[in-house]
Amino acid sequence: MAGGPLIGISTYLEAGVRWGVWELEAALLPAGYPRLVQRAGGMAVMLPPDATARAADVVGRLDGLVIAGGPDVEPVRYGAERDPRTGPPARARDAWELALIDAALAARVPLLGICRGMQLLNVALGGTLVQHLEGHADVVGVFGRHPVKPVPGTRYAAAVPEETSVPTYHHQAIDRLGTGLVPSAYAADGTVEAVELPPADGWVLGVQWHPEMGEDLRVMRGLVEAARSAA
C-alpha cells in the first residue's frame, strides 16, 4: 500500500466560520487529527455529516475510521434525562457518527474513538455516560494533562505498556459499559480512560484523552497498522 491505509475522520459541521472575507457554514476539524494520522503512516480523509443511509458505503471505502472529539452526546441516546451541565445537542452529528460506528463494527473496519468518540462507541453498544465530573477539564478552552494507567493484557497495554501523562479535556465519562467493551486504562480517580473490544471482534479501541494534542503516536499507529493489515 504505497500511500498508506486510508483513514476516515469524522468532522464538525459548524455555522458562521470565518476565514478571509468569508463567513459561511463549514465542515472542519482541528488539524491535529489529520496530522496525527499522517505522522502515524496513514492517509487522512475528512468525513462531514451525511445521510445515515450512506454510512456503510462510506466505511466500505475506508481502511480505518476515527470518530473525533467534540460536543456532548445527547442523553436521549442512552435513555437519560439531560443534566443542566450537559452541552447543547448535536443531533445530526450524533446520528451520522453512530451510523459510522455501526457500519465499522459490522464490516470489521478498524475503529478508534477519541474522547467523544469513545463515549459514542460506548453508547452505540448500549452503555451510558456520566454527564458531569470534575477535574478533567479545569480551564475552559485549555487542554490539561493527567496520568493514565493501562490494564495489563489489553490491546492498549500492548501498545503503551507504561503509565503515561496524556492531554485531556472532557467533563463526561463512561458510566455503564456497552456490551462487549472492556476497560483498558484508568485515571487515578478511577475514571475509565480507554475501552476496547476483544480481539475476536476486530480492532476497536476508544481513548478518553486527545492523542492528536500530544507527541505519542502509538495509539494511532496501532489503528494504522491494523488498517494496513485488514486492507
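Counting restarts for each chain: residues are numbered from 1 in the order of the written sequence. Local features in this predicted model are restricted to residues of pLDDT 70 or higher, and side-chain atom pairs are both shown and tallied only at a pLDDT of 80 or more, whereas totals for entire chains, interfaces and linings draw on every residue. In computing side-chain properties, one takes all heavy atoms of the structure into account and sets aside hydrogens as well as water.

Enquirer: An account of the pairing of strand 3 (residues 22-28) is needed here, citing residue identities and associated values.
Expert: The pairing of strand 2 (residues 12-19) with strand 3 spans six bridges and is antiparallel. Bridging across to strand 3, leucine 13 finds its partner in alanine 27. Hairpin connection of strand 2 to strand 3: two residues between the antiparallel strands, including glycine 20 at a positive phi of 55°. Any two strands are treated as partners once DSSP identifies two or more bridges connecting them. Segments assigned H or I by DSSP are reported as helices when at least four residues long, segments assigned E as strands when at least two residues long, and all are numbered from the N terminus.

Enquirer: Let's hear about the pattern of salt bridges: which residues, and what values?
Expert: We define a salt bridge as a side-chain nitrogen of Lys or Arg found within 4 Å of a carboxyl oxygen belonging to Asp or Glu. Counted under the stated rule, the structure contains eleven salt bridges. Residues aspartate 50 and arginine 54 are paired through a salt bridge, measuring 3.4 Å at the closest nitrogen-oxygen approach. A salt bridge links arginine 218 to glutamate 162; the nearest nitrogen and oxygen atoms lie 2.8 Å apart. Taken as a pair, arginine 218 in helix 6 (residues 218-230) and glutamate 162 in the loop between helix 5 (155-159) and strand 9 (164-168) lie far apart in primary sequence, 56 residues in all. Buried residues are those whose accessible area, probed at 1.4 Å on protein chains only, stays under 20% of the maximum for their type, while exposed residues exceed 50% and partly exposed ones sit between those limits. For arginine 218, a relative accessible area of 27% translates into the label partly exposed. In the salt-bridge network here, residues are joined through shared partners; they are Arg93, Asp94, Glu97 and Arg116.

Enquirer: Lay out helix 3 (residues 91-107) in plain terms, naming residues and giving numbers.
Expert: Expected helix span is taken as 1.5 Å per residue step, with the number of steps being one fewer than the number of residues. Helix length check: helix 3, at 17 residues, gives a terminal C-alpha distance of 24 Å against a target of 24 Å (1.5 Å per residue), a fit within 8%. Among the residues of helix 3, Arg93, Asp94, Trp96, Glu97, Leu98, Ala99, Leu100, Ile101, Ala103 and Ala104 are the ones counted as buried. Arginine 108 lies just past helix 3 and shows a positive phi near 55°.

By themselves, these observations are geometric and do not establish any function.
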